[in-house]
Amino acid sequence: MTKVAMMPTRSVSGGGGMPNNKVKYSRLADSDEGYIDLQFKKGPPKVPYKAIALATFLFLIGSLLIIIGGLLLSGYIEVSDPNRTIPVLIIGVLVFLPGFYHLRIAYYASKGYRGYSYDDIPDFDD
């Protein structure tokens with residue numbers, strides 16, 4: 001048994017404002033599972049440039065804070081109060097980790113590694 005799906009398109013004729021329904025028909029598959037192949041087809045991946053730029057910024061700022069914190073802790077940069085070196089390191093690590101994580105996902109997704117996708121990076125365009 002062949003099924004036919006109706007996909008209505010509406011057009012209004014120029015005179016009188018009466019709708020002129022033109023219906024286009026297309027054949028459905030013989031097996032009615034309720035799914036069509038097109039709904040499972042993925043489009044090309046959308047690259048979240050803003051999120052990658054933010055991850056790069058976090059990575060660089062975190063790296064800089066870790067380097068400065070390490071220099072402060074080692075005594076290479078002299079400080080009047082050594083208790084201020086640990087918070088610089090902690091903030092550096094907290095800023096560095098999300099930037100590194102998202103840049104790693106973006107790199108692996110760009111190289112096409114299995115299991116990595118740009119969909120794993122939060123997108124701020126919504």
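Residues numbered from 1 in each chain as written. Predicted model: local features only at pLDDT ≥ 70, side-chain atom pairs only at ≥ 80, totals over all residues. Heavy atoms only, no water.

**Digging into the packing of aromatic side chains**
For the structure shown, the criterion picks out five aromatic pairs. With 5.7 Å between their ring centres and 55° between their planes, Y107 and Y108 make a pair best called tilted. Here Y108 falls in the partly exposed class, since its relative accessible area comes to 25%. Between the aromatic rings of Y108 and Y113, the centroid separation amounts to 5.0 Å while the plane-to-plane angle is 75°, which identifies the pairing as edge-to-face. Put simply, the rings of Y107, Y108, Y113 and Y116 pair up and form one aromatic cluster. (Phe/Tyr/Trp six-rings, centres within 6.5 Å; stacked < 30°, edge-to-face > 60°. Buried < 20%, exposed > 50% of the residue type's maximum accessible area, 1.4 Å probe, protein only.)

**What about the nonpolar core?**
Ranked by size, the top nonpolar core spans six residues in total: A51, I105, A106, A109, Y118 and I121. Excluding anything up to four places from it in sequence, I105 contacts Y116, S117, D120 and I121. (Core = buried A, V, L, I, M, F, W, Y, C linked by side-chain atoms within 4.5 Å. Contact = heavy atoms within 4.5 Å.)

**Concerning the pattern of salt bridges**
All told, the structure shown has two salt bridges when counted by the stated rule. Ionic pairing is found between D123 and K46, a salt bridge with its closest N-O pair at 3.4 Å. With D123 in the segment after α2 (85–111) and K46 in the loop between β2 (19–27) and α1 (49–74), this pair connects stretches of sequence that are 77 residues apart. D81 serves as the salt-bridge partner of R84, at 3.8 Å between the closest nitrogen and oxygen. (Salt bridge = Lys/Arg side-chain N within 4 Å of Asp/Glu carboxyl O. Helix = DSSP H or I, 4+ residues; strand = E, 2+ residues; numbered from the N terminus.)

**A short note on α2**
Given a rise of 1.5 Å per residue, 27 residues ought to cover 39 Å, and the 38 Å separating the end C-alpha atoms of α2 matches this to within 8%. Buried residues in α2 make contact with α1. Phi turns positive, to about 85°, at G112, one or two residues after α2. (Expected span 1.5 Å × (residues − 1).)

**Focus: α1**
Taking 1.5 Å per residue as the helical rise, α1 with its 26 residues ought to reach 38 Å, and the 37 Å between its terminal C-alpha atoms agrees with that figure. Those residues of α1 that fall on the buried side of the exposure criterion are A51, A55, G62, S63, G69 and L72. Considering only its buried residues, α1 is in contact with α2. Residue G75 follows α1 closely and has a positive phi angle near 95°.

**Here's the deal with the environment of S117**
Within the fold, S117 resides in the segment after α2. Counting along the chain gives 70 residues from S117 to V47, while the straight-line C-alpha distance between them is 9.4 Å. Here S117 is in contact with I105 and A109, once residues within four sequence places are set aside. Here D119 takes part through its backbone nitrogen, which lies 3.1 Å from a polar atom of the side chain of S117. (Polar contact = N/O pair within 3.5 Å; in protein donor to acceptor, adjacent residues only side chain to side chain.)

**With respect to the side chain of H102**
Counting through the fold element by element, H102 comes out in helix α2. Among the polar contacts listed, one links the side chain of H102 to the backbone oxygen of P98, at a separation of 2.9 Å. Excluding its chain neighbours within four sequence positions, the residues that come into contact with H102 are A55, I121 and P122.

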